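This is what each chain is made of:
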Amino acid sequence: MPDNKQILVTRSSMPPLDEYVAEIAPLWESHWLTNMGEKHRELERELESYLGVDDIALFVNGHSALECVLEAMQLKGKVITTPYSFASTTHAIVRKGLTPVFADIKPDDYTIDPSSIESLIDEDTCAIVPVHVYGNLCDVEAIQDIADRHHLKVVYDAAHAFGVRLNGASSATFGDAAMFSFHATKVFNTIEGGAVCFREPGFRTKLNQWKNFGITGEETVEYVGGNAKMNEFCAAMGICNLRHLDDEIAKRKMVAERYWERLDGARGVRTCLPKEGVTPNYAYMPVVFEDEFGSTRDAVFDALAEQDIHARKYFYPLISDYGCYAGRFDSSATPVAKHVAARVLTLPMYADLAVEDVDRICDIVLSQASE
Ligand SMILES: *Cc1c(COP(=O)(O)O)cnc(C)c1O
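Residues numbered from 1 in each chain as written. Predicted model: local features only at pLDDT ≥ 70, side-chain atom pairs only at ≥ 80, totals over all residues. Heavy atoms only, no water.

Enquirer: Could you give me a rundown of the pattern of salt bridges, with the residues and numbers involved?
Expert: When the charged atoms of two side chains with opposite charge come close together, those side chains can pair. The final tally for this structure, using the stated rule, is 29 salt bridges. Of the charged contacts in the structure, one is a salt bridge between Glu-19 and Arg-243, with a shortest N-O distance of 2.7 Å. Here Glu-19, found in helix H1 (residues 17–24), pairs with Arg-243, found in helix H8 (residues 232–263); they are 224 residues apart in sequence, far enough to count as distant. Residue Arg-243 is classed as partly exposed on the basis of its relative accessible area, which comes to 47%. A salt bridge links Asp-357 to Arg-360; its shortest N-O distance comes to 3.7 Å. Taken together, the residues Asp-357 and Arg-360, both in helix H11 (residues 355–367) and three residues apart, mark about one turn of the helix. Several salt bridges share partner residues, and in doing so they unite Arg-258, Glu-261, Arg-262, Asp-359 and Asp-363 into one network. (Salt bridge = Lys/Arg side-chain N within 4 Å of Asp/Glu carboxyl O. Helix = DSSP H or I, 4+ residues; strand = E, 2+ residues; numbered from the N terminus. Buried < 20%, exposed > 50% of the residue type's maximum accessible area, 1.4 Å probe, protein only.)

Enquirer: Hey, could you go over the site of the ligand for me, with residue numbers and the actual values?
Expert: The environment of the ligand is formed by 15 residues, the closest being Gly-62, Asp-157, His-160, Ser-181 and Lys-186. With respect to the ligand, the side chain of Asp-157 contributes an N or O atom lying 2.7 Å from a nitrogen atom. The separation between an oxygen atom of the ligand and a polar side-chain atom of His-160 is 2.7 Å. Bound to the protein, the ligand loses 93% of the 380 Å² it would expose on its own. Taken together, the residues of the shell around the ligand sort by class into four nonpolar, nine polar and two charged. (Near = heavy atom within 4 Å. Polar contact = N/O pair within 3.5 Å; in protein donor to acceptor, adjacent residues only side chain to side chain. Areas by Shrake-Rupley, 256 points an atom, 1.4 Å probe, with all protein chains shown as cover. Nonpolar A, V, L, I, M, F, W, Y, C, P; charged D, E, K, R; others polar.)

Enquirer: I'd like a rundown of a nonpolar patch on the surface, residues and numbers included.
Expert: Taken together, Phe-213, Ile-215 and Val-221 make up a surface patch of nonpolar side chains, about 270 Å² in accessible area. Its location among the elements puts Phe-213 in the loop between helix H7 (203–210) and strand E10 (215–217). (Patch = residues over 30% accessible without salt bridge, like charges linked within 9 Å, V, L, I, M, F, W, Y side chains within 5 Å.)

Enquirer: An account of empty space enclosed by the protein is needed here, citing residue identities and associated values.
Expert: Taken as a whole and judged by the stated rule, the model has one cavity of 30 Å³ or more. Taken as a whole, the largest cavity spans an internal volume of roughly 40 Å³. Looking at the largest cavity, the residues that line it are Ala-159, His-160, Phe-162, Ser-181, Lys-186, Val-187, Phe-188, Asn-281, Ala-283 and Tyr-284. Among the residues making up the lining of the largest cavity, the classes are represented as six nonpolar, three polar and one charged. Here the lining of the largest cavity spans two domains, since at least three of its residues come from each of domain 1 (17–239) and domain 2 (245–367). (1 Å grid on protein atoms, 1.4 Å probe; cavity = no way out; pocket = protein on both sides within 12 Å on 5 of 7 lines; lining within 4 Å. Points joined across faces, edges and corners; volume = space filled by probe spheres on them. Domains from an automatic or database assignment.)

This is the structure:
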């Protein structure tokens, strides 16, 4: 008998319903639904403590948070970034009138390769926007060193790296700013949501003004800002989910370790193990099928789909190959990114994924290898 249970690539974490209802009940007293209400302020305080930072600004989603940082820094010119990411990273840069310049990635952890950054810098370069892709931390020291020497801002897309630490230092503390996404599919979610952590102490006020139409006082509007505030219902969801987060990550760890046990060392299969000194969050399970595997990434994807198991070709295509950017970039200039994008598959990964299901997924994956 085939087991026909559908497995998607991810499954959102949710608190017990009664816990959420208790959390939102006071809103029926206050009638204060958004605009930095009580839940919003409480979630900010709890996240500051969880992430080990003095300051955080919450947003309606991660993408708006990233756009808002670029806006509030009043950047102009070129921004060096990675083509190996979700659409949001480059779209934010382009939508803010900046010009993305793509550096290549490292073959071991798929983050931006510092050695490919420097030759791309010219007098128009204003910033670097690296991505802690899959929760793998970028080479933060080398990137900061380059930025310092060339007086560039560093804004991390840390959408995947909530809670990740390097020798105890929170991923929220690297660069001039770090953006987190709290989208339903992320390790920590507020349904939709996002946040920015930053180095400059006064930056919170600026971000809060930019995310609220540029309003700076009762009768003063000083920036052409947008609207990107997190509402009270999303903040309440965050407060509940944060209580369960350490358990969720512990469960993800067991899932990840089972995958690695089964797949690591198989011929032509490359997994991504946490590096020395890193406290991971087990956000994703990327697997790269090299040519020695004897079968393609697409064949593995199809074999899983036949059993109603839905992996994702994440990140394929490269952003530089998107239709909306046709004719603007040459993805062959980032050969490592191109190689990985053509061979990567992210396997189902979430806290409640059963070990038996991981085994079933691994059996199907390994059955595709040539003898
Ligand atoms: C999810 C994600 C974003 C955008 O976050 P939203 O909260 O969905 O707007 C940005 N960058 C990366 C790498 C992401 O995965």
